[in-house]
Amino acid sequence: MKKGILTVSILTVVAVFAVFVGSFVTNSKIERKCEEYKQALSGHTYMGYDSTTTVKHGTVSYHYTMVLNEDGSCSILFKAVRTGDNSTFSKNGTTEFDIDALNWSIRENDDKYELFISGDWDWQGWSAAEINREIEIIDNGEDIAIKGVRSGYYEFYFEPIN
């Protein structure tokens, strides 16, 4: 009886140790990969673009210029260009603005890696919003691409320009 309890105790300790070691190795691998992506993406400027045609506002093209600084800060210049728009918004609305005072980091989410951007967005003196945005990192082993999704379904890709 004592031998059976001792065997179960030893097996339990071994199992707990194996889970601990496996978790440590997995977390270490994730941290290493996040650091690898951070080194690859930092210090560069990226451009993104998408376009859509709407019934009311004609064709709207969206241009994004994103700067990922080495210190973890970033900024985004957003510009919307409308053609064929007869509404008052195109004549009176702001179509270009900077979003700065943002931070960026790399995260792992469900075995995928993401560029995570966060911060408070102050636009034209308004405290407009808090930004928490995940942008997917696509790695084919040779090249790294960054894929954003706007409004839940418009996909666009950021390309490095420097």
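Refer to the structure above for everything that follows.
As the structure is a prediction and not an experimental result, all values here were calculated from the model.

Peer 1: Sorry, what's going on with the overall build of the chain here?
Peer 2: A tally of helices and strands in the chain yields two helices and eight strands. In the chain, the succession of helices and strands from N to C terminus is α-β-β-β-α-β-β-β-β-β. Out of the 162 residues in the chain, the part that is buried amounts to 28%. Restricting to contacts in the chain with at least 6 residues of sequence separation, those with at least 24 account for 41%. When the accessible surface of the chain is split by element, carbon and sulfur atoms take 55% of a total near 10900 Å².

Peer 1: Just checking my understanding: could you explain the packing of aromatic side chains for this structure?
Peer 2: Each aromatic ring pair is characterised by the separation of its centres together with the angle its planes make. The full count for this structure, using the stated rule, is five aromatic pairs. Aromatic side chains Tyr 37 and Tyr 113 sit 5.4 Å apart centroid to centroid with 55 degrees between the ring planes, which places their arrangement in the tilted category. One end of the pair, Tyr 37, is in helix α1 (residues 2-41); the other, Tyr 113, is in strand β5 (residues 112-123), with 76 residues separating them in the sequence. We classify Tyr 37 as buried; its relative accessible area is 4%. Tyr 113 gets classed as buried once you look at its relative accessible area, which sits at 14%. An angle of 65 degrees between the planes, with centres 6.2 Å apart, marks the rings of Tyr 64 and Phe 158 as edge-to-face. Remark: Phe 158 occurs in strand β8 (residues 154-160) and Tyr 64 occurs in strand β2 (residues 58-68); sequence separation between them is 94 residues. Given a relative accessible area of 8%, Tyr 64 falls into the buried group. Three or more aromatic residues link up through ring pairs in this structure, and these residues are Tyr 62, Tyr 64, Phe 78, Phe 97 and Phe 158. When the ring centre of Phe 116 is taken as reference, the NZ or CZ atom of Arg 107 above it lies at 3.5 Å.

Peer 1: Would you explain the nonpolar core in this entry?
Peer 2: A general feature of soluble globular proteins is that nonpolar side chains tend to end up buried together. Met 66, Ile 106, Leu 115 and Ile 117 are the most contacted members of the largest nonpolar core, which totals 28 residues. Of all the secondary structure elements, the ones that give two or more residues to this core are α1, β2, β3 (73-83), β4 (96-109), β5, β6 (126-139) and β8. Setting aside its immediate chain neighbours within four residues, Ile 106 contacts Cys 34, Tyr 37, Lys 38, Leu 41, Tyr 113, Glu 114, Leu 115 and Ile 137.

Peer 1: Can you help me understand unusual backbone geometry in this one?
Peer 2: Excluding glycine, residues mostly have negative phi values, and the peptide bonds linking residues are mostly trans. A positive phi angle, near 55 degrees, is found at Asp 110, a position not held by glycine. As for its position among the elements, Asp 110 is in the loop between β4 and β5. Phi at Asp 111 takes a positive value of approximately 65 degrees, unusual for a residue other than glycine. Among the structural elements, Asp 111 can be located in the loop between β4 and β5.

Calculation notes
Residues numbered from 1 in each chain as written. Predicted model: local features only at pLDDT ≥ 70, side-chain atom pairs only at ≥ 80, totals over all residues. Heavy atoms only, no water. Helix = DSSP H or I, 4+ residues; strand = E, 2+ residues; numbered from the N terminus. Buried < 20%, exposed > 50% of the residue type's maximum accessible area, 1.4 Å probe, protein only. Contact = heavy atoms within 4.5 Å. Areas by Shrake-Rupley, 256 points an atom, 1.4 Å probe, with all protein chains shown as cover. Phe/Tyr/Trp six-rings, centres within 6.5 Å; stacked < 30°, edge-to-face > 60°. Lys NZ or Arg CZ within 6 Å of the ring centre and 35° of its normal. Core = buried A, V, L, I, M, F, W, Y, C linked by side-chain atoms within 4.5 Å.

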